[in-house]
Amino acid sequence: MFTRFANPARFDQIARTCLPWLWAVAAMAIGCGLVDALLLSPPDYQQSETVRIMYVHVPSAWLAMGLYSACALSGLMLVVWKHTMADMLLRAIIPVGAVATALCLVTGMLWGQPMWGTWWVWDARLTSVLVLLFQYLGLLALLDAFDRPEQGSMAAGWLAVIGVINIPIIKYSVLWWATLHQPDSLSSIKRVADPAMPPEMIRPLLLMALGLTCLSAAIVLVRTRTEVLRRKLQNKSIPILNAEHN
Amino acid sequence: MFETLAQFLHMDGYGLYVWGSYVLAGLAYGGLVWHTVSRHKAIQKNIQAP
């Protein structure tokens, strides 16, 4: 099935259909989410107004982990089937995931300073997310570390697959170790149905999560299309370069 | 009206942290969108060139 959709021409067709919808849903969900997060939702009885940071921090954390899982899947398809589309997807996802992870860490620090009295603690959750950021940066570095780009892609593919071990560590770190970071409020379907948060707080959180997910998906699709075009351009210019050499 | 706006910006003393988070998020995603779209347009222009 993957091979059927992994054709660059078919991918372009699917991306062209999906992109306007993704941009539109992202704009609407982020617009409504911002109004809800900053104006309509109430302050928390313990965290006061700082709870509003959660509406950016939590979706960024979900995206950081989700995008890494997508990287690992693309990496697996690349190392097993050596498919060009998987390589292009991997290259498109990594910078978006790195931005989401950095944003998750920085907004977490901005919440930690007023609530915990410190910008940073070396607890399991914070440290494992910092490791995830280093993994993304490592992948970015590996992609361009070789003379032949396909070698860089294969190395990044292997690293993405091996590094996926960090995702369950991040997810369950708050349960496996005693951490300053609180456990997840919406950790499973059961918790979504019976959450530890009032609906006025879940609404902006889910709206922002939907908006940022659609925005990230749109960015990944555009970056993949750019990579397809870049390779087309490279193939087009090679005969000209050869002719110039002759 | 100015009092309400000042109160809203002040965020009970946590304004710097809350607004800082949203401004950073805007800059991060805004920068990513700008970089992605401008790079796509530049390559599209190159590929259309004879």
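Residues numbered from 1 in each chain as written. Chains lettered and ligands numbered in written order. Predicted model: local features only at pLDDT ≥ 70, side-chain atom pairs only at ≥ 80, totals over all residues. Heavy atoms only, no water.

Next up on the list: the overall build of chain A. When its secondary structure is counted, chain A shows nine helices and zero strands. When the helices and strands of chain A are listed from N to C terminus, the series reads α-α-α-α-α-α-α-α-α. In chain A, buried positions account for 47% of the 246 residues. Within chain A, contacts between residues at least 6 apart in sequence are counted, and of these 73% link residues at least 24 apart. (Helix = DSSP H or I, 4+ residues; strand = E, 2+ residues; numbered from the N terminus. Buried < 20%, exposed > 50% of the residue type's maximum accessible area, 1.4 Å probe, protein only. Contact = heavy atoms within 4.5 Å.)

Quick look at the nonpolar core now. Among the nonpolar cores identified, the biggest contains 70 residues, and Tyr55(A) and Tyr136(A) are the most heavily contacted of them. Contributing elements (two or more residues each) for this core: helix H2 (8-40), helix H3 (54-81), helix H4 (84-116), helix H5 (124-143), helix H6 (149-163), helix H7 (166-176) and helix H9 (199-245) of chain A together with helix H2 (15-48) of chain B. Top contributing element to this core by residue count: H4(A), with 15 residues. Beyond its immediate stretch of four places on either side in the chain, Tyr55(A) contacts Ala37(A), Ser41(A), Met201(A), Pro204(A), Leu205(A), Met208(A) and Tyr22(B). (Core = buried A, V, L, I, M, F, W, Y, C linked by side-chain atoms within 4.5 Å.)

Time to look at the packing of H5(A) against H7(A). Residue and element names in this part refer to chain A. Axis separation between H5 and H7 bottoms out at 8 Å; the angle between their running directions is 160 degrees. Considering their axes alone, H5 and H7 lie roughly antiparallel with respect to each other. Where H5 crosses over H7, the two elements pack in a sense that is left-handed. Between H5 and H7, the residues in contact are Ala124, Arg125, Ser128, Val129, Val131, Leu132 and Gln135 and Asn166, Ile167, Ile169, Ile170, Lys171, Ser173 and Val174, respectively. Tallied by class, residues from the contact of H5 with H7 come to eight nonpolar, four polar and two charged. (Axes fitted to C-alpha atoms, helices over the stretch in contact; angles between N-to-C directions. Parallel < 35°, antiparallel > 145°, perpendicular 65-115°, else oblique. Left-handed = near helix turned anticlockwise from the far one by under 90°. Nonpolar A, V, L, I, M, F, W, Y, C, P; charged D, E, K, R; others polar.)

All names here are of chain A. Using the criterion set out here, one finds six aromatic pairs over all chains in the structure. Centroid distance Trp176 to Trp177: 5.9 Å. Interplanar angle 80 degrees. Geometry classified as edge-to-face. Overall, the relative accessible area of 44% leaves Trp177 in the partly exposed class. Ring pairing ties together the aromatic residues Tyr172, Trp176 and Trp177, which thus form one cluster. (Phe/Tyr/Trp six-rings, centres within 6.5 Å; stacked < 30°, edge-to-face > 60°.)

This brings us to a nonpolar patch on the surface. There is a patch of nonpolar side chains on the surface, built from Leu73(A), Leu76(A), Val80(A) and Trp81(A) and spanning about 430 Å² of accessible area. With relative accessibility at 40%, the residue Leu76(A) sits in the partly exposed group. (Patch = residues over 30% accessible without salt bridge, like charges linked within 9 Å, V, L, I, M, F, W, Y side chains within 5 Å. Areas by Shrake-Rupley, 256 points an atom, 1.4 Å probe, with all protein chains shown as cover. Salt bridge = Lys/Arg side-chain N within 4 Å of Asp/Glu carboxyl O.)

What follows concerns the packing of H4(A) against H2(B). The interhelical angle for the contact between H4(A) and H2(B), taken along N-to-C directions, is 175 degrees, at an axis separation of 10 Å. Accordingly, the angle class assigned to the pair H4(A) and H2(B) is roughly antiparallel. Side by side, H4(A) and H2(B) meet where Val96(A), Val99(A), Ala100(A), Leu103(A), Val106(A), Thr107(A), Leu110(A), Gln113(A) and Pro114(A) of the first sit next to Tyr17(B), Gly20(B), Ser21(B), Leu24(B), Ala25(B), Ala28(B), Tyr29(B) and Leu32(B) of the second.

Many structure descriptions define interface size as the accessible area lost when the parts assemble. Taken residue by residue, the interface counts 25 residues in chain B and 38 residues in chain A. Carbon and sulfur atoms supply 77% of the area buried between chain B and chain A, which totals about 2900 Å² over both sides. When residues of chain B are sorted by the area they lose upon contact with chain A, Tyr17(B), Tyr22(B) and Tyr29(B) head the list and together hold 26% of the total. Where chain B touches chain A, the interface holds zero salt bridges. (Buried area = accessible area lost by both parts, 1.4 Å probe.)

Per-chain confidence: chain B averages 89 in pLDDT, with 98% of residues scoring 70 or above. Predicted as a complex, the structure gets a pTM of 0.90 and an ipTM equal to 0.90. (pLDDT = per-residue confidence, 0-100.)

Moving on: the side chain of Ser216(A). Residue placement: Ser216(A) occurs in helix H9. Setting aside residues no more than four positions away along its own chain, Ser216(A) makes contact with Leu63(A), Val96(A) and Tyr29(B).

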